[in-house]
Amino acid sequence: MPTRLEESLERDIERIRQQVLEMSALAERALRDCVEALSAGDRQRAYAVILRDQYIDEKEKEIDRLCLEFLVRQQPVGVHLRLAYSTIKINLELERVGDYAESVARQLLRLGSLPPPAPIRERIAEMANLAIPMLHDAIDAFVRQDPTLAKGVILVEPAVDELLGKLNTDLLEAFQQKLVLPEMLEPLVNIGRRFERVADQARNVCMETLYMCTGEYAKHPGAETFRILFVGEHNACRSQMAEAIGQSLGQPKFVFSSAGLDPQAIDPRTLAFLKDKGLDVSRTAPKAIYQVPNLEHYQVIVGVAPEAQQAFPRSPRKMVYVDWSIDDPSRVQGSPEEVRSAYEATFGFLSSHVRDLVGAVLGIRIE
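Analysis parameters
Residues numbered from 1 in each chain as written. Predicted model: local features only at pLDDT ≥ 70, side-chain atom pairs only at ≥ 80, totals over all residues. Heavy atoms only, no water. Helix = DSSP H or I, 4+ residues; strand = E, 2+ residues; numbered from the N terminus. Rg over C-alpha atoms; globule rule 2.2 N^0.38 Å. Buried < 20%, exposed > 50% of the residue type's maximum accessible area, 1.4 Å probe, protein only. Contact = heavy atoms within 4.5 Å. Areas by Shrake-Rupley, 256 points an atom, 1.4 Å probe, with all protein chains shown as cover. Expected span 1.5 Å × (residues − 1). Right-handed = clockwise from strand over helix to strand, strands pointing away. Core = buried A, V, L, I, M, F, W, Y, C linked by side-chain atoms within 4.5 Å. Pairing = 2+ DSSP bridges. Axes fitted to C-alpha atoms, helices over the stretch in contact; angles between N-to-C directions. Patch = residues over 30% accessible without salt bridge, like charges linked within 9 Å, V, L, I, M, F, W, Y side chains within 5 Å. Salt bridge = Lys/Arg side-chain N within 4 Å of Asp/Glu carboxyl O. Phe/Tyr/Trp six-rings, centres within 6.5 Å; stacked < 30°, edge-to-face > 60°.

Caption draft 1: Structural context of the overall build of the chain. From N to C terminus, the chain includes 10 helices and four strands. Taking 2.2 N^0.38 as the reference for a compact globule, 367 residues should give roughly 21 Å; the C-alpha atoms of the chain span a radius of gyration of 23 Å, in line with that estimate. In terms of principal-axis extent, the alpha carbons of the chain reach across some 85 × 55 × 35 Å. The buried share of the chain, reckoned over its 367 residues, is 51%. Residue pairs in contact within the chain that sit at least 24 positions apart in sequence constitute 79% of those at least 6 positions apart. Working note: accessible area of the chain is about 17,900 Å², and carbon and sulfur atoms make up 52% of it.

Here it is in structure tokens:
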């Protein structure tokens, strides 16, 4: 027969789990309403998602309160202490999911009366139909303390990343065919990235669940990863070229990304040039600096345009800023040979510098 102390402990744990389930249900509903709003062009539903985000915020505060009371009153150890710690972390992940849903709703309102083509809506729905069940199963794994289910959810996350790449490709093709207007590109790219981030949050929840169940913290197994961000004015040519070059090196310990101060549609000649070089552009999409996930963890920021440095003033952060400013070949006017020559010069400059930088980090020469 359980003691009074054990009954009190289980009662507090059950109360915490119930609140997590309720918060997760609110987040899932918000995400599904976003999908419905996109499919039906329902502005009222989008507004409802934005207004209901306050309920998720209130749940976050309540769960924090319950966890702190649990720590003070029960003074747990072992798995119960890990449960409280993991719940606090998962609480933050769910609050971010609520923010992503609100962001998607706001992007839908930006589209206004400009509904995206059916293939784009279907691709986004495909992403959502993977990401939302991931979140549901991740919370289920946490509540049931099921490490096997958590590991299964983690395996789904790369599929969402792949769909984001396909969405970006679809958007580029639709833009070139004038099926998507320029002002629609950024909201649609943002919507895709938000659903991709939902999958990331579900993975994080699973990592916390594995820690709770096993005591082994595996959330950042790649802490030795070296992150390099290329920043241009529009993220439409030079920075995209540098990112593609970095990705082509196939270095597993490096993460390469790019962004712009004022993102604009990627120059079609740049895409054609990179394809001609045999570089993968399937996941290429313009993005702003604030859209770069985990920006604070990037060790090196490379400015390929002189304007980039204004976004990264000197600061105490452990980040190195490198200036690789070079003329934008997409602005060159002239014969096809002159344009090609400008692109080749920029590509050669960036390729040499990227290889030297990676080689310096690894202590080897990159051919």
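Caption draft 2: Structural view of helix H10 (residues 336-362). Here H10 is 27 residues long and its end C-alpha atoms lie 38 Å apart, about the 39 Å a rise of 1.5 Å per residue gives. Turning to H10, its buried residues are Val339, Ala342, Tyr343, Thr346, Phe347, Leu350, Ser351, Val354, Leu357, Val358 and Gly359. Looking one or two residues beyond H10, the residue adopting positive phi is Gly363, at roughly 75°.

Caption draft 3: How the structure looks around the environment of Tyr55. Position of Tyr55 relative to the elements: it lies in helix H2 (residues 43-74). Between the C-alpha atoms of Tyr55 and Phe347, which are 292 residues apart in sequence, the distance is 50 Å.

Caption draft 4: Focus on the pairing of strand E1 (residues 226-232). Within E1, six of the seven residues are buried, which leaves the element mostly enclosed by the surrounding structure. Regarding the hand of the β-α-β motif, the stretch spanning E1, helix H8 (residues 238-248) and strand E2 (residues 254-260) is right-handed.

Caption draft 5: Region of the structure containing the nonpolar core. Core analysis: the biggest nonpolar cluster contains 70 residues, and Leu31, Ile124, Leu188, Ile191 and Phe195 have the highest contact counts within it. When residues of this core are traced back to their parent elements, those giving at least two are helix H1 (4-40), H2, helix H3 (78-111), helix H4 (118-144), helix H5 (147-154), helix H6 (157-176) and helix H7 (182-214). Among all residues touching Phe195, those that are not within four sequence positions of it are Leu31, Cys34, Val35, Val104, Ile124, Met127, Ala128, Ala131 and Val160.

Caption draft 6: Representation of the sheet that holds strand E4 (residues 320-323). The strand order across the open sheet formed by four strands is E2-E1-E3-E4, and the pairing between neighbours is parallel. The sheet is open, and its two edges are formed by E2 and E4, each paired on a single side. Across the sheet, the axes of successive neighbouring strands diverge by a mean angle of 20°, strand direction being ignored. Examined bridge by bridge, E1 and E2 share seven bridges and lie parallel to one another. Residue pairing in the sheet places Phe226 in a bridge with Phe254 of E2.

Caption draft 7: Representation of unusual backbone geometry in the model. A positive phi is found at Gln75, a non-glycine position, where the angle reads about 45°. Relative to the elements of secondary structure, Gln75 occurs in the loop between H2 and H3. On the basis of relative accessibility, which here comes to 62%, the residue Gln75 falls in the exposed class. At Gln145, a position not held by glycine, the phi torsion is positive, near 55°. For Gln145, the position within the fold is in the loop between H4 and H5. Its relative accessible area of 30% is what places Gln145 among the partly exposed residues.

Caption draft 8: Main features of a nonpolar patch on the surface. Among the surface-exposed residues, Val361, Leu362 and Ile364 lie close enough to one another that they form a single nonpolar patch of about 220 Å² accessible area. Relative to the helices and strands, Val361 is located in helix H10. A relative accessible area of 34% means that Val361 is categorised as partly exposed.

Caption draft 9: A look at the pattern of salt bridges. One pass over the structure, following the stated rule, counts 27 salt bridges. Between Glu102 and Arg106 there is a salt bridge, and its shortest N-O distance comes to 2.9 Å. On the criterion of helical spacing, the pair formed by Glu102 and Arg106 is a turn pair, its members being four residues apart in helix H3. For Arg106, a relative accessible area of 44% puts it in the partly exposed group. Measuring nitrogen to oxygen at the nearest pair gives 2.8 Å for the salt bridge that ties Asp170 to Arg123. Linking Asp170 in helix H6 with Arg123 in helix H4, this pair joins segments that are 47 residues apart in sequence. When its relative accessible area of 18% is taken as the criterion, Asp170 is described as buried. What emerges from the salt-bridge pattern is a single network uniting Arg29, Asp33, Asp42, Arg45 and Arg52.

Caption draft 10: Just the packing of aromatic side chains, in detail. Applying the stated criterion across every chain yields a total of seven aromatic pairs. Centroid distance Phe226 to Phe254: 5.7 Å. Interplanar angle 55°. Geometry classified as tilted. Residue Phe226 is located in strand E1, and its partner Phe254 is located in strand E2; the two are separated by 28 residues in the primary sequence. We note that Phe226, like Phe254, is buried. Ring centres of Phe230 and Trp324 lie 6.1 Å apart, and the angle between their planes is 40°; this geometry places the pair in the tilted category. One end of the pair, Phe230, is in strand E1; the other, Trp324, is in the loop between E4 and H10, and 94 residues separate them in sequence. Trp324 sits in the buried class, given a relative accessible area of 7%.

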